[in-house]
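# A closer look at the structure
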Amino acid sequence: GGGYFQDTAALQALFQEAGVDPLTPQTIVCTCGSGVSACSLYLALMECGRGQQEGTSAGDTLLYDGSWAEWKQLDNVPKVFPVQTTS
């Protein structure tokens, strides 16, 4: 809470817990329902050093500001949904 980002170590721990390596050379695309949370994810990745390590750039991190609010309405784009399982 409080409207502030957590410190870098806490952000790195959150990404690690989610299985995301902010320093991966792979492209990361930040999305969400409307684009607002995706902006926070993008900034948190930058705070964790994304694009500052050798061989990568901030250009390897993309922000899709239309996010699902726009994407779900498009018929000609791929969509993959989680498989529902029952225990």
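Scope of this entry: the structure provided in the associated data block. Every value quoted in this text rests on a predicted model; they were computed, and no experiment measured them. (Residues numbered from 1 in each chain as written. Predicted model: local features only at pLDDT ≥ 70, side-chain atom pairs only at ≥ 80, totals over all residues. Heavy atoms only, no water.)

### Concerning helix α2 (residues 36–47)
If you check α2, its first and last C-alpha atoms are 17 Å apart, about what 12 residues at 1.5 Å a residue would give, namely 16 Å. Buried within α2 we find A38, A44, L45 and M46. (Helix = DSSP H or I, 4+ residues; strand = E, 2+ residues; numbered from the N terminus. Expected span 1.5 Å × (residues − 1). Buried < 20%, exposed > 50% of the residue type's maximum accessible area, 1.4 Å probe, protein only.)

### Side note on the nonpolar core
Counting residues in hydrophobic clusters, the biggest one holds nine residues: L11, F15, I28, C30, C32, A38, A44, L45 and C48. For L11, the residues in contact, after removing those within four places along its chain, are F5, Q6, A44, E47 and C48. (Core = buried A, V, L, I, M, F, W, Y, C linked by side-chain atoms within 4.5 Å. Contact = heavy atoms within 4.5 Å.)

### Some details on the packing of helix α1 (residues 8–17) against α2
As a packed pair, α1 and α2 sit with axes 9 Å apart at the nearest point and diverge in direction by 115°. As summarised for this structure, α1 and α2 are arranged roughly perpendicular, according to the angle between their axes. Classified by chirality, the crossing of α2 by α1 is left-handed. Within the contact between the two elements, α1 uses T8, L11 and F15 and α2 uses L41, A44, L45 and E47. Broken down by class, the residue content of the contact of α1 with α2 amounts to five nonpolar, one polar and one charged. (Axes fitted to C-alpha atoms, helices over the stretch in contact; angles between N-to-C directions. Parallel < 35°, antiparallel > 145°, perpendicular 65-115°, else oblique. Left-handed = near helix turned anticlockwise from the far one by under 90°. Nonpolar A, V, L, I, M, F, W, Y, C, P; charged D, E, K, R; others polar.)

Such coordinate-based values are descriptive only and should not be taken to indicate function.
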